[in-house]
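Working through the structure, step by step
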Amino acid sequence: MPDEPKDDLNALAARARNGDRDALEVLVRAVQKDVYNLAVRFLWHPQDAEDATQEILIRIITGLATFEGRSRFRTWVYRVASNALLTQGRKRMEQTALSFDAFAEALADGLDAGAPELYSRAADDPADALMLEEVKIGCTHAMLLCLDRDHRLAYILGEVLDLDHGEGADILAITRPALRKRLSRATQRISAFMSGHCGLINTANPCRCRRRVGCAIERGHVRPDAPLFAHSVAHARQFPKVIATIRLLEEGRRSAALFRSHPQLEPSSSFDTWLTHLLAVEPG
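We now turn to the structure provided with this report. Please read all numbers here as calculations on a predicted model, not as lab measurements.

Criteria and thresholds
Residues numbered from 1 in each chain as written. Predicted model: local features only at pLDDT ≥ 70, side-chain atom pairs only at ≥ 80, totals over all residues. Heavy atoms only, no water. Core = buried A, V, L, I, M, F, W, Y, C linked by side-chain atoms within 4.5 Å. Buried < 20%, exposed > 50% of the residue type's maximum accessible area, 1.4 Å probe, protein only. Helix = DSSP H or I, 4+ residues; strand = E, 2+ residues; numbered from the N terminus. Contact = heavy atoms within 4.5 Å. Salt bridge = Lys/Arg side-chain N within 4 Å of Asp/Glu carboxyl O. Phe/Tyr/Trp six-rings, centres within 6.5 Å; stacked < 30°, edge-to-face > 60°. Lys NZ or Arg CZ within 6 Å of the ring centre and 35° of its normal. Axes fitted to C-alpha atoms, helices over the stretch in contact; angles between N-to-C directions. Parallel < 35°, antiparallel > 145°, perpendicular 65-115°, else oblique. Nonpolar A, V, L, I, M, F, W, Y, C, P; charged D, E, K, R; others polar. Disulfide = S-S within 2.5 Å.

1. With respect to the nonpolar core
Residues I60, F73, Y155, I190 and M194 are the most contacted members of the largest nonpolar core, which totals 84 residues. Broken down by element, the residue count for this core peaks at 13 residues, all from helix α2 (residues 21-43). When sequence neighbours within four positions are dropped, the list of residues in contact with F73 reads L9, N10, A13, L27, V31, I60, L64 and F67.

Below, the structure is given as structure tokens:
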């Protein structure tokens, strides 16, 4: 089957509803990365995100008949995903999530005074670059867990994914004023925390990713042999230029820009094997 334009998902959905299995496969593969990246930001741990994504994709396939085409298909997918994430049981990282105050204490406790020299080779050493990337992504995702689920999801949709308020309100099934209020609270909390503690956003803060690497490895929070988030050396090496650009923004816009600078994450090969099997099985 010829490739379909990814922005014409509504037409693909209509064909999939009518039993076109090729259309169904293209449709599901077109949105699976969107679902996974929403889930990993919401849940932090990639394995929990893969488990949630599997459930969500099954809901999308089995509930496809309910999609009437009144919105963009991707909007409907985010609605299905958001409902699933908000109603599932608390996952491993949510169960240990900290308040903003407790998280600030944990950050201050994990700084290595000798780290600036130890990790100054990061620009040239691929392993060091990946570890800095791992700490950066893991730490910023952990900040999201300091928000309750409703505010966390609003922030991810409205600030990280940069969806407009109309679409975000449609996804969450709330009014635009309600979304704006929820988003404003979440943005204020994230921005205030990062401005007061994160050295990436405010250079006056002592916390630096490179000062956290050694402690994070020692405490088992990151594993050099099996990073959860950092897989692209090229992306990691670009980050110094990215953060320099982010710091030129108004202070209130820096936090969201930092989140948006994260790479799109890919599910594991075992997830792709699962998805291939799912799409090969006749529905019902």
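2. A short note on the pattern of salt bridges
Tallied over the full model, the rule gives 16 salt bridges. Between D20 and R15 there is a salt bridge, with its nearest N and O atoms 3.3 Å apart. For D272, the salt bridge is made with R29, and the minimal N-O distance between the two is 3.2 Å. Highlighted residues: D272 in helix α15 (residues 269-280) and R29 in helix α2, separated in sequence by 243 residues. Taking relative accessible area as the criterion, D272 reaches 37% and is therefore assigned partly exposed. Given a relative accessible area of 28%, R29 falls into the partly exposed group. Taken together, the shared-partner salt bridges connect E25, R29 and D272 into one network.

3. Focus: the packing of aromatic side chains
The tally for this structure, following the rule as stated, stands at eight aromatic pairs. Their ring planes at 80 degrees and their centres at 5.2 Å tell us that F67 and F73 sit as a pair that is edge-to-face. Comparing F67 with F73 shows no difference in burial state: the two are buried. Relative to W76, the ring of F67 has its centre 5.4 Å away and its plane inclined at 45 degrees; by these criteria the two rings are tilted. Judged by relative accessible area, which is 3%, F67 ranks as buried. One aromatic cluster is present, formed by F67, F73 and W76 through successive ring pairs. Between the NZ or CZ atom of R152 and the centre of the ring of F42, over which it lies, the distance is 4.5 Å.

4. Concerning the packing of helix α9 (residues 149-160) against helix α11 (residues 176-197)
At a closest axis distance of 8 Å, the pairing of α9 and α11 adopts a crossing angle of 90 degrees. Relative to α11, α9 is oriented roughly perpendicular. Touching D150, H151, A154, Y155, G158 and E159 of α9 are L179, R182, L183, R185, A186, T187, R189 and I190, all from α11. Residues of the contact of α9 with α11, tallied by class, amount to six nonpolar, three polar and five charged.

5. Thoughts on the state of the cysteines
In protein structure, a disulfide is the covalent linkage between the sulfur atoms of two cysteines. Under the defined criterion, the tally for this structure stands at zero disulfides. Free of any disulfide, C139 has its nearest neighbouring cysteine sulfur in C207, separated by 5.8 Å. Here C209 stays unpaired: no disulfide links it, and the sulfur of C198, its closest cysteine neighbor, is 6.5 Å away. For C209, a relative accessible area of 15% translates into the label buried.

6. Here's the deal with unusual backbone geometry
Positive phi, normally seen in glycine, also occurs at W44, with a value near 80 degrees. Within the secondary structure, W44 is located in the loop between α2 and α3 (46-62). Note on W44: relative accessible area 10%, which makes it buried. In the Ramachandran plot, D162 falls in the positive-phi region, its phi being about 60 degrees despite a non-glycine side chain. In this structure, D162 sits in the loop between α9 and α10 (165-172). Look at D162 and you get partly exposed, because its relative accessible area is 49%.

By themselves, these are just geometric observations and shouldn't be taken as functional.
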